[in-house]
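# Understanding the architecture of this molecule
Residue-level listing of the chains:
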Amino acid sequence: MKKINLNIIVSPDRCDINDFITIKNIIKSKADYISVELSSLYPSDVEVEEIDIDEEPYHGEPSLTVCLVDLPEFNPSGKLLMTKPINKIKQYNTFKDNNINTPLTAMYDPNMDFGVFDQYIILKPYQSALQSVKENIFVLPVDQVSKDRKNYDVPYIIQQFIDSGDYPSIYRAVVFLGEVLYLCKISGTIKKSGDVIPVDFNNKNSPPEIDTHEWDHNQLVYDFAKTISNAFPDSPLLGVDIIEDYRTGNLYAIEINAGGNVWHFSSHSRSIEYHPYLAEKRLNQYGAFSVAADALIKAARKL
């Protein structure tokens with residue numbers, strides 16, 4: 001087997017680097033012909049080197065660099081797969097181009113024709129950072145939006161509302177190099193009352209920690225998450241959000257997070273500060289680190 005160079009670049013503000021030391025060791029035990037170099041923006045471990053974006057480490061040998069940090073000026077030799085944010089409209093267009101079922105989505109314009117949407121819509125900011133603030137997201141009747149035709153201080157996206165049932169739910173998957181590392185159904189605990197709008201969508205005081213998490217394997221959602229990932233072949237790490245219409249059973253791709261902030265096994269946003277007890281569930285559901293190692297081996301073999 002020919003020698004292959006694999007460079008993995010991470011950042012400690014997005015993960016525990018020990019996760020990738022474990023993955024590196026799994027690769028070494030399974031494929032000793034792959035030479036793995038683990039680099040970091042801010043190394044804190046003797047096994048991890050500091051990344052030099054100007055270095056050309058490989059010459060004349062097949063090489064793959066998987067960079068889980070957005071480094072615009074980084075251009076190593078060989079093949080590069082790098083996490084980069086993808087705006088919601090580009091995501092929508094990519095879904096449509098790949099025949100992936102997704103809710104009708106557009107940039108909000110107070111003068112647009114709202115009749116193309118169903119009875120209810122979601123309004124959320126175009127900027128991803130603002131979407132993390134619940135007060136910025138609204139579920140509203142189309143008639144009301146059409147009547148008000150409000151102007152907003154920041155650009156907004158309007159999206160068809162998909163009713164997921166009495167308790168609003170979403171499937172969240174983390175997909176690495178086309179392989180699902182974990183898949184979880186997250187549901188609210190506040191039941192909607194007689195209308196299609198779940199009351200907690202517009203209740204800004206409902207805390208996320210009251211959500212329930214289900215870990216039963218769902219093959220249809222699992223396969224759909226992989227199909228979504230295949231539409232973004234240059235994005236090595238994706239957080240994929242999927243909704244199931246409770247009336248039809250149809251699955252919809254809502255959005256992907258391709259910016260590198262979704263290593264939920266040890267990221268501060270998901271495992272340490274938010275839901276510490278979920279880290280073990282995510283890790284053990286499919287054997288995430290072994291799956292990640294196998295995915296890296298598979299990607300390296302394609303060179």
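Residues numbered from 1 in each chain as written. Predicted model: local features only at pLDDT ≥ 70, side-chain atom pairs only at ≥ 80, totals over all residues. Heavy atoms only, no water.

Turning our attention to the overall build of the protein chain. Counting its regular elements, the protein chain contains 8 helices and 14 strands. Counting across all 303 residues of the protein chain, residues that qualify as buried make up 50%. Roughly 14800 Å² of accessible area belongs to the protein chain as shown, and the carbon and sulfur atoms make up 47% of that amount. (Helix = DSSP H or I, 4+ residues; strand = E, 2+ residues; numbered from the N terminus. Buried < 20%, exposed > 50% of the residue type's maximum accessible area, 1.4 Å probe, protein only. Areas by Shrake-Rupley, 256 points an atom, 1.4 Å probe, with all protein chains shown as cover.)

With that out of the way, let us pick up the packing of aromatic side chains. Under the counting rule described, the total for this entry stands at 12 aromatic pairs. Ring geometry for Phe20 versus Trp263: centroids 4.6 Å apart, planes at 35°, classification tilted. Of this pair, Phe20 sits in helix 1 (residues 17-30) while Trp263 sits in the loop between strand 14 (251-257) and helix 6 (268-272), placing them 243 residues apart in sequence. For Phe20, a relative accessible area of 1% gives the class buried. Judged by its relative accessible area of 1%, Trp263 is buried. (Phe/Tyr/Trp six-rings, centres within 6.5 Å; stacked < 30°, edge-to-face > 60°.)

On average, residues of the protein chain carry a pLDDT of 85, and 82% of them reach 70 or more. Predicted confidence in the protein chain is weakest over helix 6, with a mean pLDDT of 53, and strongest over helix 5 (residues 219-230), with 98. Scored below 50 in pLDDT, residues 198-206 makes 29 contacts in the model with residues more than four places away or belonging to other chains. (pLDDT = per-residue confidence, 0-100. Contact = heavy atoms within 4.5 Å.)

Moving on, we get to the pattern of salt bridges. Tallying each qualifying case throughout the model produces 7 salt bridges. The closest approach of N and O atoms between Lys88 and Glu255, which form a salt bridge, is 3.9 Å. One end of the pair, Lys88, is in helix 2 (residues 88-97); the other, Glu255, is in strand 14, and 167 residues separate them in sequence. For Arg247, the salt bridge identified is with Asp245, shortest N-O distance 3.4 Å. (Salt bridge = Lys/Arg side-chain N within 4 Å of Asp/Glu carboxyl O.)

We now examine helix 1. Here helix 1 contains 14 residues, and its C-alpha end-to-end distance of 20 Å stays within 8% of the 20 Å for a straight helix at 1.5 Å per residue. Listed in full, the buried residues belonging to helix 1 are Ile17, Asp19, Phe20, Ile21, Ile23, Ile26 and Ile27. Contacts from the buried residues of helix 1 go to strand 1 (4-10), strand 2 (34-40) and helix 8 (288-301). At the N-terminal boundary of helix 1, the capping side chain belongs to Asp16, with an oxygen 2.9 Å from the backbone nitrogen of Asn18. (Expected span 1.5 Å × (residues − 1). Polar contact = N/O pair within 3.5 Å; in protein donor to acceptor, adjacent residues only side chain to side chain.)

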